[in-house]
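Remarks on the overall topology
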Amino acid sequence: MNDEPIHITVPSNDDDPRSPVKDPPGVIIHRGPPLHPDDMDVIGGIPVTSLARTLVDMAEESTKDELRAMFLRARERGLLDIDAVMASADRVEWRPSLEMLYEVIDEFRDI
């Protein structure tokens, strides 16, 4: 069994009248602006982040080697769209991980 928490994003803004609720056990709720439609996908009727946006988000939580491995796995499966990853990266707010992300993008752009 996987003990890692499930991460979900709930669109919200400063005018949101809902009071913050404690995250349920095993779930981490992230609140932020609504995602761009290109950063979303639907799998089995459940809205999820697109692969491109997931790679952008994972840069915040990963080392460069781990992120590179994720890009490699996506490419091996025929799912890596570097232009989509770049577009997703360009849409996010500034993050400390963007420099590393752009370096990995450049590595895969040259392959």
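Everything below is about the structure printed above this text.
The structure presented is a predicted model; accordingly, all values stated were derived computationally and were not measured. (Residues numbered from 1 in each chain as written. Predicted model: local features only at pLDDT ≥ 70, side-chain atom pairs only at ≥ 80, totals over all residues. Heavy atoms only, no water.)

1. Notes on the pairing of strand β4 (residues 46–49)
Put simply, the test is: For two strands to be treated as a pair, DSSP must find at least two bridges joining them. Strands are runs of DSSP state E lasting at least two residues, helices are runs of H or I lasting at least four, and both sets are numbered from the N terminus onward.
One ladder, built from four bridges, connects strand β3 (residues 40–43) with β4; its direction is antiparallel. Each residue of the ladder has a partner; that of Val42, found in β4, is Pro47. Where β3 folds back on β4, the antiparallel hairpin that results is connected by two residues, among which Gly44 adopts a positive phi of roughly 60°.

2. Structural notes on the side chain of Ser62
Spelled out, the test is: Burial classification: accessible surface area is computed with a 1.4 Å probe over protein chains only, and a residue below 20% of its type maximum counts as buried, one above 50% as exposed, and the rest as partly exposed. We define a polar contact as two N or O atoms separated by no more than 3.5 Å, with the added condition that, inside protein, one atom must be a possible hydrogen donor and the other a possible acceptor, whereas residues neighbouring each other in sequence contribute only through side-chain atom pairs. Working rule for contacts: check all heavy atoms of both residues, and any pair within 4.5 Å makes them a contact.
Inspection of the secondary structure assignment puts Ser62 in the loop between α1 (51–58) and α2 (64–76). With relative accessibility at 12%, the residue Ser62 sits in the buried group. A distance of 2.8 Å separates a polar atom in the side chain of Ser62 from the backbone oxygen of Met58. Setting aside residues no more than four positions away along its own chain, Ser62 makes contact with Leu67, Met70 and Met100.

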